[in-house]
Amino acid sequence: MKLNIFCGMLAMAVSPVLFGAEPAIYSIKIVEFDVRMLVETRGPGRANILLDLSAAQLETYIPGGSFGSETNTFLVRGKGRTVVVDTGFGGAIFSSMKELGVKPEDVDTVLLTHMHGDHIGGMAKDGKALFPKAKVLLAGKERAYWVDQQGNAGAKAALAPYSGRVETFEPPALSAGGIEILPGIRAAAAYGHTPGHTAFLVRDGGKELVIWGDLMHVQDVQFPLPSVSVTYDTDPKTAAASREEYLSYAARNKVLIGGMHLRYPAVGSVVSEKAGYRFVTE
Ligand SMILES: [Zn+2]
């Protein structure tokens, strides 16, 4: 009897979010590339980050105002490379990599979509690089904004131990095809969330996955209403234009997209609707 009461209380106290009804790693092959989406954190999202959304719209897309949210990173292996795309908060990314048999020193390149704390948290600790052998690639515009213009302490600390191993590029527009920065991996501008926000296109044998970083934070709202931006966007208007550009590209070309704040599996295809889009996962 006592045990039953205890179990009942435990079931009430532990939300499925904490233990994760979904696993923490999702695998997908892009022909030669082995891609793993790694869940860094999972928990309730905040609806008050949405800009210009009416109460009626909110009730339509997020009844009751509660929805699940994640922070994710990606591990991409193939064509002789081991690449991490964003580093989360520096928590689960390392335990997930360990589970996959990948050591931090095996990572040869860290790609950064942008320099917000939930993407660069796993770069460094106590002044030491957590990916000791990796070079870091990011948009020059992004580094200039956070490090030079803002003098952001977190951004500076993330890059400092990689001194001499940080390379910047200027990502061309998606419509111009981006630029190849590693064999089979292209970078394209996805500005707005931050000034140098970048998407990475993993492409092989006619298959493509667009890792689009933070083009979207609240999928329940922003697929159907892509013009809605969030308070985290540096330039909400440009962020909305980029979101529409990538959604339309993904729907038209039938490529996969993957996002840092989409829910597990956080990878899927995009279908154009009469108004807005729909996200289809397997
Ligand atoms: Zn983020």
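Residues numbered from 1 in each chain as written. Predicted model: local features only at pLDDT ≥ 70, side-chain atom pairs only at ≥ 80, totals over all residues. Heavy atoms only, no water.

Observations concerning the overall build of the chain
As a reminder, the rule being used: Each helix corresponds to a stretch of at least 4 residues labelled H or I by DSSP, and each strand to a stretch of at least 2 residues labelled E; elements are numbered beginning at the N terminus. Every radius of gyration here is taken over C-alpha atoms, with the globule rule written as 2.2 Å times N^0.38, N being the number of residues. The cut-offs for exposure are 20% and 50% of the maximum accessible area for each residue type, with area from a 1.4 Å probe on protein chains only; residues under the lower value are buried, those over the upper are exposed, and the others partly exposed. Should any heavy atoms of two residues lie within 4.5 Å, those residues are considered in contact. Calculation of accessible area relied on Shrake-Rupley with a 1.4 Å probe; when residues are assessed, cover is drawn exclusively from the protein chains displayed. As used throughout, the charge tally considers Lys and Arg to be positive and Asp and Glu to be negative, leaving His and the chain termini uncounted. Charged groups are reduced to one reference atom each: NZ for lysine, CZ for arginine, CG for aspartic acid, CD for glutamic acid.
Helix and strand content of the chain: nine helices and 16 strands. Computed over C-alpha atoms, the radius of gyration of the chain comes to 19 Å, within 12% of the 19 Å expected from 2.2 N^0.38 for 282 residues, which places it in the range of a compact globule. Overall, the chain is about 60 × 50 × 40 Å in size when its C-alpha atoms are taken along their principal axes. Sorting the 282 residues of the chain into buried and exposed places 50% on the buried side. Residue pairs in contact within the chain that sit at least 24 positions apart in sequence constitute 67% of those at least 6 positions apart. Here the chain has roughly 12,800 Å² of accessible surface; of this, 55% comes from carbon and sulfur atoms. With 28 positive and 29 negative side-chain charges, the chain shows a separation of 3 Å between the mean positions of the two kinds.

Topic: helix H6 (residues 140-149)
Looking only at H6, the buried set comprises Gly140, Glu142, Tyr145, Trp146 and Val147. As for H6, its buried residues are in contact with strand S8 (135-139), helix H7 (153-159) and strand S9 (166-169). Where H6 terminates, the next one or two residues include Gly151, which has phi positive at roughly 55°.

What to know about the coordination of the zinc ion
Threshold: Think of the donor list as every N, O and S atom within 2.8 Å of the metal, or within 3.2 Å for Na, K and Ca; water never makes the list, so a site can look incomplete. The geometry test gives tetrahedral to four donors whose angles all lie between 85 and 135 degrees, gives square planar to four donors and octahedral to six donors whose opposite members are over 155 degrees apart with all other angles between 65 and 115, and gives irregular to the rest.
The coordination sphere of the zinc ion contains the protein donors Asp118 (OD), His119 (NE2), Asp214 (OD) and His261 (NE2), at a distance range of 2.1 to 2.3 Å. Taken together, the four donor atoms coordinating the zinc ion and their angles of 85 to 176° define a geometry best described as irregular. Mapped onto the polypeptide sequence, the residues donating to the zinc ion form the spacing pattern D-H-x94-D-x46-H. Given a relative accessible area of 15%, Asp118 falls into the buried group. Residue classification places His119 among the buried residues on the basis of a relative accessible area of 0%.

By themselves these figures say nothing about function.
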